[in-house]
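# Tertiary structure, described
Now for the letters of each chain:
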Amino acid sequence: MIATCPACSWRCSAAVSSHGVVSYVRCVCGLFLVVERGVITATAGTSTFAPIHHGCGDLASVPDREPS
């Protein structure tokens, strides 16, 4: 196991990419995890378990859309 997702608690076991001590993991819920030496240091994207709703700006008309 590489990490446990903070949004859905799924145990992620395979890295999408690794660069030295940093691994990038995609959870089954859609969230990207940035793992450094076994510790989640950041997340990116959205999860189906924790959707992001935008109230204003360019993404307000398209809910739950990841920024490009």
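Because the structure is predicted, anything quoted here is derived from the model rather than measured.

With respect to the helices and strands, Leu 33 occurs in strand S5 (residues 32-36). Since its relative accessible area comes to 0%, Leu 33 is described here as buried. Setting aside residues up to four positions removed in sequence, Leu 33 forms contacts with Ala 3, Cys 5, Pro 6, Cys 12, Ser 23, Tyr 24, Val 25, Ile 40, Ala 42 and Thr 43.

What follows deals with the pairing of S5. Side-chain positions along a regular strand alternate between the two faces of the sheet. Pairing of strand S4 (residues 22-26) with S5 involves five bridges; the strand directions are antiparallel. Bridge pairing links Val 25 to Leu 33 in S5. Two successive antiparallel strands, S4 and S5, enclose a turn made up of five residues, where Gly 30 displays a positive phi of approximately 105 degrees. Where S5 lies against strand S6 (residues 39-44), five bridges are found, and the strand directions are antiparallel. Residue pairing for S6: Val 35 is matched across the bridge by Ile 40.

A few words on the pairing of S4. As paired strands, strand S3 (residues 17-19) and S4 are joined by three bridges and run antiparallel to one another. When the sheet's bridge partners are listed, Ser 17 is paired in S4 with Tyr 24. Between S3 and S4, which pair antiparallel in sequence order, lie two residues; one of them, Gly 20, sits at a positive phi of approximately 65 degrees.

This part covers unusual backbone geometry. Positive phi, normally seen in glycine, also occurs at Ser 9, with a value near 65 degrees. With respect to the secondary-structure elements, Ser 9 resides in the loop between strand S1 (3-4) and strand S2 (11-12). At Arg 37, a residue that is not glycine, the phi angle is positive and equals roughly 55 degrees. Looking at the secondary structure, you find Arg 37 in the loop between S5 and S6.

With that out of the way, let us pick up the sheet that holds S4. Read across the sheet, four strands follow the order S3-S4-S5-S6 without closing on themselves; strand pairing throughout is antiparallel. At either margin of the open sheet sits one strand with a lone partner, and together these are S3 and S6. When the angles between neighbouring strand axes are averaged without regard to direction, this sheet yields 20 degrees.

What counts, and where the lines are drawn
Residues numbered from 1 in each chain as written. Predicted model: local features only at pLDDT ≥ 70, side-chain atom pairs only at ≥ 80, totals over all residues. Heavy atoms only, no water. Helix = DSSP H or I, 4+ residues; strand = E, 2+ residues; numbered from the N terminus. Buried < 20%, exposed > 50% of the residue type's maximum accessible area, 1.4 Å probe, protein only. Contact = heavy atoms within 4.5 Å. Pairing = 2+ DSSP bridges. Axes fitted to C-alpha atoms, helices over the stretch in contact; angles between N-to-C directions.

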